[in-house]
Amino acid sequence: MSLAASILAFRRDGRILKLPPYLSALCILVGVVWLLVLPLNEYSRNTYVSENALLPGQVHTYFTGSEHNIFRAYRHEVAALVDKPLDERTRRLGDILRSSGLKVSTQKYEYSSSGRIISGQNVYAILQGPRADATEAIVLVGAWTNMDGEVNHSGVALVLTLARYFKRWSLWSKDIIFLISGDSTTGPQAWVDAYHDSHSPASIEPLSIKSGALQGAIAIDYPAGPWGHRFDKLHIVYDGVNGQLPNLDLFNTAVSIASGQMGIGCTLQRMWKHDDSYQERLQTMLRGMINQGLGHASGPHSSFIPYHVDAITLQTVGDGWHDEMSLGRTVESLFRSLNNLLEHLHQSFFFYLLMQANRFVSIGTYLPSAMLIAVNFTITSIALWVQSGRARKEPTPASTDRKISEKSDMTVVKMDSMVAIVPEPIIAIVERKLFLPLAFVSSAHFLGLLPLYIFNNAPQGALEACFYLTGLLTISLPYLAAFTLSFFRRPSTQETTLIQCFSLLLLGMFLSALATLNFSLSFLVGLFAAPLTFVRPIMPARRSNEKVVGLNLVNPIVVIMIATRYWGADVVNVLVQAAEGWHVWGMWTQVVVWLVWWPAWFAGAVVVAGTLFSNDATETKEA
Amino acid sequence: MAVDKQKALLFGAAAAVRLLLFTAFPSLPNLLTGRVEISTPVTSFKRLQEGVFLYTHNVSPYDGGVFHQAPLLLPLFSLLPNPASHPFATNLLYTIVDLLGANALMQIAETGQSVSSRLFTSSRKDLRWSTIAVGASFLFNPFTVATCIARPTSALTNFFLLTSIAKAAQGASVTCILALSFASYLSLHPILLFPPLLLLCYDVRVTKSKRSLNPLAFSLSHIFGLVIALALLLYLSTLLTGSWEFLAATYGVRLLLPDLTPNVGLWWYFFIEMFDSFREFFLGVFWLHMASYVGGLSFRLRRQPLFVVSSLLGIFAIFQPYPSIADSALYLALVPLYRHIFPLMRYSFLAASTLFYTSFLGPAFYYLWIYAGSGNANFFYAITLVWSLGLSVIVGDSLYAALRDEWEVERPEMHGKEIRRI
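Here the structure is a predicted model, which is why all the values come from computation and not from measurement. (Residues numbered from 1 in each chain as written. Chains lettered and ligands numbered in written order. Predicted model: local features only at pLDDT ≥ 70, side-chain atom pairs only at ≥ 80, totals over all residues. Heavy atoms only, no water.)

Undergrad: Help me out: how do you make sense of the overall build of chain A in this one?
TA: If you tally the helices and strands in chain A, you get 21 helices and 11 strands. Expressed as a percentage of its 623 residues, the buried residues of chain A come to 55%. Pairs at least 24 residues apart make up 83% of the contacts formed inside chain A by residues separated by at least 6 positions. Of the roughly 26400 Å² of accessible surface on chain A, 61% is carried by carbon and sulfur atoms. (Helix = DSSP H or I, 4+ residues; strand = E, 2+ residues; numbered from the N terminus. Buried < 20%, exposed > 50% of the residue type's maximum accessible area, 1.4 Å probe, protein only. Contact = heavy atoms within 4.5 Å. Areas by Shrake-Rupley, 256 points an atom, 1.4 Å probe, with all protein chains shown as cover.)

Have a look at this one:
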């Protein structure tokens, strides 16, 4: 009882209102440090295969000897098709697969985004497993061109060879689908959409033959030309669209087969050199997070993951002594493992951050860091809510004076228990005027629909102009909004506080929900939006410049611009990719940018700019 | 006159928003209809379509085991053109139902029963929102809009309940009883609102006629009326379907919970986990728990029967077997009538934020569980627990505020003071 009473008394303490900014800063700090300690041995774990049925590397592989001659022949066949028209290429690839005794079908697809038409053709063949009942299938994908646009000569040839080779085995207990897709992103997407009957029939052809539920997919990216190229390492790509990841068991199986059974080193996230130091682990993890946060397709496997089909791409890198047959044997062993599966991969993790081929952290360990960042906004918004309910204090600058006066007020209240007096301003809760803040914050979020629509639908030529215009408008809009508001009815201090309160509340809510779906995106947006916690209305003619410049540096448009400059990417290219992602892959990163991040920044900027146009210099607020 | 113009504007805007959403996003109604947060097995529009299909093909609609809604809905919806090809009539019906509900809510606000009833007048009675604001907070509540777009039959129940409360607050016994019997006929649990509505109606009638009515005769006549109305509805249903089997398929399902499709409530997970031997016992406990609030609240808050009704609606939104956000929308519609006790509520921000957070985390976790396959049922259930917590904080906090308000009328010298439990 006395504890409750002392807590209640503590509630009125002036110091408690000073606490939240520090608490928020602490949350951000701990969140970031949390992430930084993850690569240490104490916080990450070695990977392990938890699905018993997989038995990686337990079988002898027979893909050797005369298969090599067949592979070389197919590689020349593929090289001969490079300059041929699309229809002829499709027909010829189909013929090769058909000559191996498989059922073959083709699929035409056409997408349009940013005023471009993306079209192509997929060829696929189904091997009916001799021991299978056509209820389950695994997919081997060889995209005609890889993510860099190079022709995947050896990859396609390897798929053709393996199709011929697998057909002769009697042990398959799942159907195997060999897919040669037109390219690395749209082709597999069209195919997997059509496989699950969720394609738009107007532009994408349905599949004429199908098998059972897809259990897994492996894509091969081996662009060595007709004369071959020996590679050094396997680069395993595992990021799916929207940051979804395949089951960790699939990745582990591939690593364990490649490095354990075949002696091929494995690498990830373009870390060609990795000597397992702290820096390199951290760098791998951060690269993984950026890829996950961007949510883009990173290979032919990406399109499968949204359908809950675990998939990875095996990419050959470097100059070394491993040849196509080692890669073929790796794939063979991998398929033998997948063939053993009794049920869908479910044992291992779906949420993880990898920092080396055999080291990871799972969601339970890393999630708190994004949650802490999200919580910092909620804390500040609660503090602002409480603050908005307090009566405005008379501006007495020295804190010691005020404390004394508060204390004297308190005693008066307690002694005069018989008289119903009007309580002092510290206790009194001022009525909050909610309408303007609510209307403003919700309209700011609706305003975000405008750039979202424009960037997803503008033709390629107009994108650059749109981008810079939006950037210019974004920078000037807060001042325009503040000016317009002051023209009609200048928002009071309380309303400004409430605008920030609601905006941060929404931001915290969105980010904590997002953290469960796409940890990295939530973390990155949270980090860039973190300054919004600490901005307060500036007083006219007092250190406004740094604040305004600082705030504009974390403006989403500016961040995108700086980031593209840093990685040497072209802004237009990024926007075209994003629009393609929206229309083809079902990517929603831009929804987060325009409907979560941008409105939060806008509201924060309006709060800062709000007092610029007031003549009332007494309207002050202490952060 | 000005109020009428405002009202027309409000209704026009609300109808425009709904019809715009219906026409501009033609896939939205079907998307929302499939959401477990809005459509439950006993209210889903999809299941209603199934029932209507069977009914129009002269098969008993309850044969498939899918349809669990009241039989009288079938002729109504079979009269409308097929919503798959001509959705406009259905959309218009649901929009009108929402507007009529809002109209009833505004009638409740006009009577001022929430601030001063026969036995009690709040000391804060001047602190009120206008009827337009109360109506707007119902019509533009995202939950109400989502319910309207998803077209579950709970929208009809909500309309009948609001009408029933409005008529009780105006002292119109017959309409009140009729509307209540329709609501109970559609979804069973509204019958629990009969005692507080009877009290409300009695208070209003006594105030209006300025003489005391015999309470016993009053309640007996009303009970009799309710029984007649319900019997008539059930008899009509039997005539329509040709047998009494609809009782087991509609009320039986609501009482015995055979369909454990996830929803925002607390029952489904509990009954999935339970050993079958305890099922009957806990069904009894859960129902008894929900029903027990009726007596307690009616006694304790005898002086504010309308508040009892609205608190009970909040409790139903949490504890009924198949709740959805439609029930929460109804409760949240009545909360603004109690603007005068808002200053006394202590956790309004907390509760509102909880509801906000859960309404985003809920779909996210459901997605992780059902579509991404990377979560499990516990994710979604945890969020429904938090959602229920948020609602119960509002219910509990408003109860506290209402009691405190009553107490301050008794002891005006304690106005604005901190209270201390002794």
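Undergrad: For this particular structure, what's the right way to read helix 16 (residues 519–529) of chain A?
TA: Count 3.6 residues to each turn of an α-helix, and residues three or four apart come out pointing the same way. Buried residues dominate helix 16 of chain A, accounting for eight of its 11 residues. All of the buried residues along helix 16 of chain A are Phe519, Ser520, Leu521, Ser522, Phe523, Val525, Gly526 and Ala529 of chain A.

Undergrad: I would appreciate a short explanation of the UniProt feature "transmembrane region" (unreviewed entry) in chain A in the present structure.
TA: Residues and elements named next belong to chain A. Here, UniProt's "transmembrane region" (unreviewed entry) annotation points to residues 21–40, 366–386, 434–455, 467–488, 497–515 and 587–613. With 100% helix and 0% strand, residues 467–488 has its two end C-alpha atoms placed 30 Å apart. Strand forms 0% of residues 497–515 and helix 100%; the C-alpha atoms that close the span are 26 Å apart. (UniProt positions renumbered as here; feature names shortened; annotations may be inferred.)

Undergrad: It is not clear to me how the UniProt feature "transmembrane region" (unreviewed entry) in chain B should be interpreted in this structure. Could you clarify?
TA: Residue and element names in this part refer to chain B. When the UniProt feature table is mapped to this numbering, "transmembrane region" (unreviewed entry) covers residues 129–150, 186–204, 216–236, 248–269, 281–301, 307–335, 347–367 and 379–403. Helix makes up 100% of residues 216–236 and strand 0%, and the two end C-alpha atoms of the span are 30 Å apart. For residues 281–301, the helix share is 95%, the strand share is 0%, and the end-to-end C-alpha distance is 30 Å.

Undergrad: Would you explain the sheet that holds strand 10 (residues 352–356) of chain A in this entry?
TA: Within a sheet, neighbouring strands are paired by backbone hydrogen bonds and run either parallel or antiparallel to one another. Residue and element names in this part refer to chain A. Pairing is antiparallel across the open sheet formed by three strands, whose spatial order is 1-11-10. With one partner strand each, in any of the chains shown, strand 1 (45–46) and strand 10 form the two edges of the open sheet. Taken together, the four bridges between strand 10 and strand 11 (residues 359–362) define a ladder with antiparallel strand orientation. Counterpart to Leu354 in the pairing with strand 11 is Phe360. The sheet contacts of helix 8 (residues 278–294) involve strand 10 and strand 11, and relative to strand 10 the element is tilted by about 140°. In the packing of helix 10 (residues 363–389) onto the sheet, contacts are made with strand 10 and strand 11, and the angle to strand 11 comes to roughly 60°. (Pairing = 2+ DSSP bridges. Axes fitted to C-alpha atoms, helices over the stretch in contact; angles between N-to-C directions.)

Undergrad: How should I be thinking about the nonpolar core in this particular structure?
TA: One recurring pattern in soluble globular proteins is that nonpolar side chains are buried together. By size, the foremost hydrophobic cluster in this structure holds 119 residues, and its most contacted members are Leu105, Ile108, Leu193, Leu313 and Leu337 of chain B. At 11 residues, helix 15 (residues 305–319) of chain B tops the list of elements feeding residues into this core. For Leu193 of chain B, the contacting residues outside a window of four places in its chain are Leu161, Leu180, Val309, Leu312, Leu313 and Phe316 of chain B. The next biggest cluster of nonpolar side chains, apart from the first, holds 83 residues, and it includes Leu38, Val525 and Val559 of chain A together with Phe365 of chain B. (Core = buried A, V, L, I, M, F, W, Y, C linked by side-chain atoms within 4.5 Å.)

Undergrad: Is there a simple way to think about the packing of helix 8 of chain A against helix 16 of chain A in this case?
TA: Any two packed helices are characterised by how steeply their axes cross, that is the angle between the axes, and by the distance between the axes. Residue and element names in this part refer to chain A. Between helix 8 and helix 16, the least distance of the axes is 7 Å, while the angle of their chain directions is 95°. Judged by the inter-axis angle, helix 8 sits roughly perpendicular to helix 16. Only Phe519, Ser520, Leu521, Phe523 and Leu524 of helix 16 make contact with helix 8, whose side of the interface consists of Met289, Ile290, Gln292 and Gly293. Here the contact of helix 8 with helix 16 is built from residues that sort into six nonpolar, three polar and no charged. (Parallel < 35°, antiparallel > 145°, perpendicular 65-115°, else oblique. Nonpolar A, V, L, I, M, F, W, Y, C, P; charged D, E, K, R; others polar.)

Undergrad: When you look at the pattern of salt bridges in this model, what are you seeing that I'm missing?
TA: When their charged atoms lie close together, side chains carrying opposite charge are able to pair. As enumerated under the stated definition, the model contains 19 salt bridges over all chains in all. Between Lys210 of chain A and Asp197 of chain A there is a salt bridge, and its shortest N-O distance comes to 3.0 Å. Here Asp197 of chain A lies in the loop between helix 6 (186–195) and strand 6 (213–221) and Lys210 of chain A lies in the loop between helix 6 and strand 6, a separation of 13 residues in the sequence. For Lys210 of chain A, a relative accessible area of 33% puts it in the partly exposed group. The exposed category is assigned to Asp197 of chain A, whose relative accessible area is 54%. Across the pair Arg404 of chain B and Glu408 of chain B runs a salt bridge, and its minimum N-O distance is 2.8 Å. (Salt bridge = Lys/Arg side-chain N within 4 Å of Asp/Glu carboxyl O.)

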